[in-house]
Amino acid sequence: MYGVLLNPKTNDYSQFDPETRRLLRATIDFFESYGKQRLLQADLNAEWVADFLEFQKKEKLFATFLTPSANADGDENRRWDGARNAALSEIFGFYGLPYWYAEQVTILGLGPIWMSDNKVAKAKAAQQLTDGEVMAFGLSERSHGADVYSTDMILTPSAESGGFTASGTKYYIGNGNVAGMVSVFGRRADVDGPEGYVFFAVDSRHPNYELIDNVVHGQMYVSTFSLNDYPVSADDVLHTGPEAFAAALNTVNVGKFNLCHGSIGMATHSLYEAITHANNRILYGNPVTDFSHVQGNFVDAFARLSAMKLFSDRAVDYFRSASLDDRRYLLFNPVTKSKVTSEGETVMTLLLDVVAAKGYEKNTYFHQANRYTGWLPRLEGTVHVNVAQILKFMPNYLFNPVEYPVIGTRLDASDDSFFFAQGPVGGAAKIRFADWTKAYESRLDVPNVAVFYEQAKALQELLLTAAPSAEQQKDLDFVLNIGHLFSLIVYGQLIIEQAANTGLDVDVLNRIFDFQIRDFSGYAIALYGKPSATQAQQEWAVGAVRRPVADAASFDRVWQQVKALDGAYVMPG
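Read on for an overview of the structure. Remember, predicted model here, so these are calculated numbers, not experimental data.

Parameters at a glance
- Residues numbered from 1 in each chain as written.
- Predicted model: local features only at pLDDT ≥ 70, side-chain atom pairs only at ≥ 80, totals over all residues.
- Heavy atoms only, no water.
- Helix = DSSP H or I, 4+ residues; strand = E, 2+ residues; numbered from the N terminus.
- Rg over C-alpha atoms; globule rule 2.2 N^0.38 Å.
- Buried < 20%, exposed > 50% of the residue type's maximum accessible area, 1.4 Å probe, protein only.
- Lys, Arg positive; Asp, Glu negative; His and termini not counted.
- Charge placed at Lys NZ, Arg CZ, Asp CG, Glu CD.
- Pairing = 2+ DSSP bridges.
- Core = buried A, V, L, I, M, F, W, Y, C linked by side-chain atoms within 4.5 Å.
- Contact = heavy atoms within 4.5 Å.
- Phe/Tyr/Trp six-rings, centres within 6.5 Å; stacked < 30°, edge-to-face > 60°.
- Lys NZ or Arg CZ within 6 Å of the ring centre and 35° of its normal.
- Salt bridge = Lys/Arg side-chain N within 4 Å of Asp/Glu carboxyl O.

**Details of the overall build of the protein chain**
Then, number 1: A count of helical and extended segments in the protein chain gives 21 helices and 10 strands.
Then, number 2: Here the C-alpha atoms of the protein chain give a radius of gyration of 24 Å, agreeing with the 25 Å that 2.2 N^0.38 yields for 573 residues.
Then, number 3: When its C-alpha atoms are laid out on the principal axes, the protein chain stretches across 75 × 60 × 40 Å.
Then, number 4: For the protein chain, the proportion of its 573 residues judged to be buried stands at 59%.
Then, number 5: A distance of 3 Å separates the average location of the 49 positive side-chain charges in the protein chain from that of its 66 negative side-chain charges.

**As for the pairing of strand β7 (residues 222-232)**
Then, number 1: The buried fraction of β7 is high, at eight of 11 residues.
Then, number 2: As paired strands, strand β3 (residues 164-174) and β7 are joined by nine bridges and run antiparallel to one another. Bridged to Y171 within β7 is T224.
Then, number 3: Where strand β6 (residues 209-214) meets β7, five bridges bridge the pair, whose relative direction is antiparallel. The residue bridging D213 from the neighbouring strand is T224, located in β7.

**What to know about the nonpolar core**
Then, number 1: Ranked by internal contacts, the top residues of the largest apolar core, which has 176 residues, are F52, F298, L331 and I512.
Then, number 2: Looking at which element gives the most residues to this core, the answer is helix α10 (residues 292-320), with 15 residues.
Then, number 3: Not counting residues up to four positions away in its chain, the partners in contact with F52 are F30, F31, F62, F92, Y99 and A102.
Then, number 4: Judged by nonpolar contacts, the second largest core, of 18 residues, contains A136, V198, F200 and Y230.

**Some remarks on the packing of aromatic side chains**
Then, number 1: The tally for this structure, following the rule as stated, stands at 45 aromatic pairs.
Then, number 2: Consider the rings of Y197 and F245, whose centres lie 5.9 Å apart with planes at 25°: the pair is stacked. Here the residue Y197 occupies a position in strand β5 (residues 197-202), and F245 occupies one in helix α8 (residues 242-256), the gap between them amounting to 48 residues. The pair formed by Y197 and F245 is uniform in burial state, with each residue classed as buried.
Then, number 3: Consider the rings of F332 and F433, whose centres lie 6.3 Å apart with planes at 65°: the pair is edge-to-face. Of this pair, F332 sits in helix α11 (residues 329-355) while F433 sits in the loop between α14 (394-399) and α15 (437-441), placing them 101 residues apart in sequence.
Then, number 4: Of note, R84 hangs over the ring of F65, and the distance from its end group to the ring centre comes to 4.3 Å.
Then, number 5: Over the face of the ring belonging to Y404 we find R328, whose NZ or CZ atom lies 3.8 Å from the ring centre.

**Details of the pattern of salt bridges**
Then, number 1: For the coordinates displayed, the defined rule picks out 39 salt bridges.
Then, number 2: A salt bridge links D75 to R78; its shortest N-O distance comes to 3.0 Å.
Then, number 3: Here R546 and E454 are joined by a salt bridge, their closest N and O atoms 2.9 Å apart. Residue R546 is found in the loop between α20 (535-544) and α21 (552-563), and its partner E454 is found in helix α16 (residues 447-465); the two are separated by 92 residues along the sequence.
Then, number 4: With relative accessibility at 27%, the residue R546 sits in the partly exposed group.
Then, number 5: The network of salt bridges with common partners includes D300, R304, K339, E343, R511, D514, R518 and D519.

**Quick notes on unusual backbone geometry**
Then, number 1: Positive phi, close to 55°, is recorded for D73, a residue that is not glycine.
Then, number 2: Position of D73 relative to the elements: it lies in the loop between α4 (61-66) and α5 (82-95).
Then, number 3: Phi at Y172 is positive, roughly 70°, even though this residue is not glycine.

**Brief notes about the environment of P548**
Then, number 1: Among the structural elements, P548 can be located in the loop between α20 and α21.
Then, number 2: Residues P548 and A450 lie 98 residues apart in sequence; the distance between their C-alpha atoms is 9.8 Å.
Then, number 3: Look past the residues within four positions of P548 in its chain and what remains in contact with it is N448, D514, I517 and R518.

Here's what the structure looks like:
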């Protein structure tokens, strides 16, 4: 069987080039040598991740993984490679979200820099990465949240310097306590509308940069900071006008993709801890894992976690192969963000219902992951924001396919330069997709794939015969439900593709579509209950409910795979 889950004891990352393998293993070895108790104590004490940052500085980890080839001064190991970045995000999540977060906000901070034409800023960023520094992304503000159209960071032209002075406050800015370069979004005082937007770089150590507070209690430093007449020269300006706004959204496209693998890492470590605990605990004279509901929870959690990994790894291939002529990543990207991270929460809840009080004990990794897993669906835009974005792609995806060259598994050691040349924002409704039905029809031999395919075709029928009215389309609560139904179809397509690419065990694939059927049925019933649902929509909803094909032997084979994870990984120390 394809080894879906990360296991630090056995993963050798042989799919990557030698230096990538060395750095991924070095990262694992750092945390393993750190030890579980030290790792957990640092979390309990809310210690800044200084030890980790010293490690990455020594190994030039961020410099190697986060410097595009064009800025790497000829170092062939430095590139922006979506496949290995995903693997690194998974490792960070496996050991603790604060470590993932330090890299995540560095990625966001670098986005507007690498997307710019500012050679001075690029050279400065490349050197700072080489020196072991981290970055930050100054976009959000307390009063405006995700509304990036609005900003109270004001740049005033300075006749004296020929540049600007910037004043304003940013909120929820990771690494804002130490970042060598903070990419800040603002607007000019003397120019109205989109033409007035500016992205510029500042230094957190400058006297006109005021660090106010960490808005959370934890190892992560999620800062509030103010700029007080901060001097901004031409060398500090990254983007102006609509390009500044595009840089903000395109950077989020790059950054939010990493949330899925962070969630996968957290859930994977938690699964190991949960099965090792439960399979060795006697309750009422029996091992906890003898109870059918416990086995059901574990099998469901394992199937959902496997699906998270399969979808996310396959989405990497599409992102790495993207171009101005193939922008399908703009659909798969918000699905990784909203669907995969939400599934991470579901997995943690299933496991918590088994381990119960154990999951709150301070000497467990589970305790830490359970606190943090809910962050990921709510960072880089909420699930609702991303599902609303997903809906824009639905008509062309379901009804208007075109031919594309087949995209294979992308593990090649190449630079993903398109990440920083995504072009203008917008046009989501015009993006076309390959025929999604081919993936499903290739696996109709799997009973639950066949049943789910019936449901997927039923959604097409709903949209053709009882589509949301103009009034219903204004009801976000109603259309988001449609978005969740659609997301399941997209999710299933890439899972099937990755199952074929990796030789996934057919029993695991069947269990994945067992929950896909149940989830689709749940959203259908939710639509039935919406106050504005028409009679035709209500009848469709009831008719779309399906029951997964029960197969006790197949279930037991998957359960044996889960049970075999008892003791497969235990963090030392």
